[in-house]
Amino acid sequence: KNIAVQTLPNGLCSLPVVQGSCPHANACLTCPSFRTDHRYLPQHKDQLRRTEEVIATCASKGWARQLEMNEKIKQSLVNIIEPLEVKQNDA
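Rules and cut-offs
In every chain, residue numbers begin from 1 and rise along the written sequence. Side-chain atom pairs in this predicted model are given and counted only at pLDDT of 80 or more, local residue features only at pLDDT of at least 70, and totals for whole chains, interfaces and linings cover all residues. In computing side-chain properties, one takes all heavy atoms of the structure into account and sets aside hydrogens as well as water. Put simply, DSSP H or I for four residues or longer makes a helix, DSSP E for two residues or longer makes a strand, and each gets a number counted from the N terminus. The length a helix should cover is 1.5 Å for every residue beyond the first. Burial here depends on accessible area, computed with a 1.4 Å probe over protein chains only, as a share of the maximum for the residue type. Under 20% is buried, over 50% is exposed, and the range in between is partly exposed. The criterion is simple. A nonpolar core is a set of buried Ala, Val, Leu, Ile, Met, Phe, Trp, Tyr and Cys residues joined through side-chain atoms within 4.5 Å. Two residues qualify as a contact provided that any one of their heavy atoms is within 4.5 Å of a heavy atom in the partner residue. Salt bridge, as applied in this entry: a Lys or Arg side-chain nitrogen positioned within 4 Å of an Asp or Glu carboxyl oxygen. Pairs of N or O atoms within 3.5 Å make up the polar contacts considered here, provided that, within protein, one atom can donate a hydrogen while the other can accept it, and that residues adjacent in sequence are counted only when both atoms are side-chain atoms.

Looking now at helix α1 (residues 41-61). Between its first and last C-alpha atoms α1 spans 30 Å; for 21 residues at 1.5 Å apiece the expected length is 30 Å, and the two agree. For α1, the complete set of buried residues consists of L41, H44, Q47, L48, R50, T51, V54, I55 and C58. Two residues or fewer past α1, G62 is found with a positive phi of approximately 75°.

It is worth spelling out the nonpolar core at this point. Membership of the largest hydrophobic core is limited to nine residues, which are L29, L41, L48, I73, L77, V78, I80, I81 and L84. Looking at this core, the elements with two or more residues in it are α1 and α2 (64-90). At six residues, the largest contribution of residues to this core is made by α2. Those residues in contact with I80 that sit more than four places away from it in its chain are L29, F34, T36 and H44.

Before going further, it helps to spend a moment on the pattern of salt bridges. On inspection of all chains with the given rule, the structure shows eight salt bridges. The salt bridge involving K74 is made with E52; its shortest N-O contact spans 3.8 Å. Here E52 lies in helix α1 and K74 lies in helix α2, a separation of 22 residues in the sequence. Classification of K74 as partly exposed rests on a relative accessible area of 27%. Residue E68 pairs with R65 through a salt bridge whose shortest N-O separation is 3.5 Å. Residue E68 and its partner R65 are located together in helix α2, separated by three residues, close to a single helical turn. The structure contains a network of salt bridges with shared partners spanning D46, R49, R50 and E53.

This next bit is on the side chain of H44. The residue H44 is located in helix α1 in this model. Polar side-chain contacts of H44 include one of 2.8 Å to the side chain of T36. In this view, H44 contacts F34, T36, L77, I80, I81 and L84; residues no more than four positions away in its chain are not counted.

In structure tokens form, the structure reads like this:
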């Protein structure tokens, strides 16, 4: 309840909620310098799956701040995954 709980490609963030939002948490997903392609699609999909699990837990526990942060991460991942899937299907 007191931990931010954000999924990362290789673990979880355990930033205490009292410290506020981290300016770096999953920043790569929205950074204009971030680059990815279809080779990383499995990792993005896995992170989305794990993020959705965290969202479900946050929603069931009433953890509003954690829910808000993870919803933003989910949207970033969807914005990354959808065009990669289209491009992969066109290939």
